[in-house]
Every structure is written in C-alpha cells, then in structure tokens.
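Summary of structural features
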Amino acid sequence: MTYVEDELKSQPECWIRAAAEAPRYRDVLPAPGERVAIVGCGTSYFMAQAIAALREGAGQGETDAFAASEFPHGRTYDRVLALTRSGTTTEVLELLRELRGRTRTTAITADPHTPVMTAADEIVVIDFADERSVVQTRFATTAVTLLRAHLGLHTDAAVADARTALAADLPQQLVACTQFTFLGRGWTVGLANEAGLKMREASLSWTEAYPAMEYRHGPISITTHGTATWMFGEAPEGLAQQVGATGGLWIEGGLDPLAELVRAQRLAVAVAAYRDLDPDRPRHLTRSVILAP
C-alpha cells in the first residue's frame, strides 16, 4: 500500500477529531462579520476557494481566496487565513511576514516545528492529519472539515459518506478513461479543481475542472467515448443528458461533496496503478515548494 493510499483511508477518523477540536480554536479562526482572505498554494489554494465560498454563502462575511503569490496588497482585510500543510512554503511565509503588524493572520498547519509557527500571529495545528506523501489528501479535507465545523456546517453525515466513498467500488470503466473533467457549483468548484489536481499529480492524467454552468461554453466539445465528467454536488438541469449524448461517461456525485473528493482521490491512486505509476513519487514534485533566496 502506498503512503497516499494509506493516508486517504484515514480521513473519516481525522474529520471526527477535527470537528471535535474546532471549538477550541474559535477565537483564532475568522469571526462572523470579519472580512477575510484565505490563501494557500496548490491543494491549499483550492481548499481556500471551497472554504471562502462556504463562509460567504453562510452569511459569515465577505471572503476571498487567493494563491499566496497573488494576494492583492491594495485590499484591506480583517484577517488573512493561510493553509500550509508543511509550514515551509515560500510564498505563504513571505506573505505572512509582509502582513505582520498590519493585518491579523492565522495559519492552519500540520507541522508545529516549522517557520510558519512564528510567521503567523495565531496558529492552528492539526498534526494528526500530517502526511508523508507528496500528494495531499487528508490534511486538505481535515482543514476543510475543521472550518466547516467552525461555521456550523459539518454533520456526521459527511463522515458516513466518507466511509461509503472508501468502501464502494469505483466503476471499472472509469479507470480506463483517457480524460477526466470535474465540475462544481459554489463551494464545490474548489473541490472540483482539487480533484483535477489529484489526478494530474498521482496518475499524470489529462484533467480539467470548471464551474458546472461553464461546461457548456466550450469544454463539452472534448467530451466523447472514453472521457469522464464527474459532478460535485447537484448538477444543472439537463447537463447529465447532454454529456450522455456525447458518448462520455457521466459520474453523478451523490455523496457529501467532501466525500466525493475522497472518491476522486481513490480514483487517482487506481489510475496510477492501472498505468503502472507510483503515486508516492509524482513526477517533478516535492512535498513543499521552498524557493532559494
């Protein structure tokens, strides 16, 4: 069993613990009414997109998401929340240091022995969700679960659905597909982006991700026999039928969207095995991007 496969299977237990610990971090996580920016790199950026949409959709306050390298310094925020599994990512650390003394910052990390501990004003450590693998799985979803619980949006049903996602067989024809498109709406657009990234990292797959309503505006032209389109959350009316008419495989996301991401993580590992690739050694990648001075 690969590291990534072992770690993704532990997600239900990680989510239970994160939800239980959320109240202790109430004072360092975004408060209702705060204007918040959430930042990260790679997987953490896509999780930031999901969390920002969740928070603003819940009426908690204006919330934006940015890649750490693209933070708009001309805007004013009450708090910047940074997601960084390793605590060593150059762009995140540089941004936190630039913001010190003028914007309140909180970082969620998995490693309490890294520079982020002094770069951010306040820290949330979820070291029980740390990973050996380069390909992120449980840290990302556990951070989202922590924040869903903080927003009052986490339920036991999400954990139950994650267990279902781990236990149910993947459609066999899915593994043999040559191209994968992931679609989302609202907060699940970030999850769709992350599903695509997992497939690229672990299995070198050709993948794309879009807001679901945008799929008709061009991207559906690549859909055909041997391609798959996977919906996170409720699909727009008629879209499944349109994809079916192209000959492409339609995957309906019937589970909690975060649990659907677990299914996509499993697919990435399964496609890697099908192609005789090692998902623990993704091409050209390291666990953290640390740039030389």
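1. Some remarks on the sheet that holds strand β5 (residues 122-125)
Overall, parallel pairing links the 5 strands, which are arranged β2-β1-β3-β4-β5 in an open sheet. Each edge of the open sheet carries a strand with a single partner, namely β2 (63-67) and β5. In this sheet, neighbouring strand axes are inclined to one another by 20° on average, regardless of whether the strands run parallel or antiparallel. As paired elements, strand β1 (residues 36-40) and β2 share 5 bridges and run parallel to each other. The residue of β2 that forms the bridge with G40 is A67. Strands in contact with helix α3 (residues 43-57) are β1, β2 and β3 (79-84); relative to β2, the strand with the most contacts, it is inclined by about 170°.

2. A closer look at the layout of surface pockets
The volume enclosed by the largest pocket comes to roughly 360 Å³. Forming the boundary of the largest pocket are 21 residues, of which C41, G42, Q136, R287 and V289 lie nearest the centre. Elements with a minimum of two residues in the lining of the largest pocket: α3, β3, α4 (90-99) and α9 (188-203).

3. Some thoughts on the pairing of β1
Strand residues, when the strand is regular, have side chains that alternate between the two faces of the sheet. In terms of burial, β1 is largely enclosed, as 5 of its 5 residues are buried. The alternating pattern of β1 places V36, I38 and G40 and A37 and V39 on opposite faces, both of which are buried. Remark: the β1/α3/β2 crossover connection has right-handed handedness. In the sheet, β1 pairs with β3 via 4 bridges, with the strands oriented parallel. Each bridged residue has a counterpart across the sheet, and for A37 the counterpart in β3 is V80.

4. Some words on the packing of aromatic side chains
Evaluation of the coordinates by the stated rule reveals 8 aromatic pairs. Between F66 and F71 the ring centres are 5.9 Å apart and the planes differ by 80°, which places this aromatic pair in the edge-to-face class. Across the pair, F71 and F66 agree in class, each one buried. Between F182 and F232 the ring centres are 6.1 Å apart and the planes differ by 65°, which places this aromatic pair in the edge-to-face class.

What counts and how
Residues numbered from 1 in each chain as written. Predicted model: local features only at pLDDT ≥ 70, side-chain atom pairs only at ≥ 80, totals over all residues. Heavy atoms only, no water. Pairing = 2+ DSSP bridges. Helix = DSSP H or I, 4+ residues; strand = E, 2+ residues; numbered from the N terminus. Axes fitted to C-alpha atoms, helices over the stretch in contact; angles between N-to-C directions. Contact = heavy atoms within 4.5 Å. 1 Å grid on protein atoms, 1.4 Å probe; cavity = no way out; pocket = protein on both sides within 12 Å on 5 of 7 lines; lining within 4 Å. Points joined across faces, edges and corners; volume = space filled by probe spheres on them. Buried < 20%, exposed > 50% of the residue type's maximum accessible area, 1.4 Å probe, protein only. Right-handed = clockwise from strand over helix to strand, strands pointing away. Phe/Tyr/Trp six-rings, centres within 6.5 Å; stacked < 30°, edge-to-face > 60°.

All quantities given are derived from atomic positions and should not be read as evidence of function.
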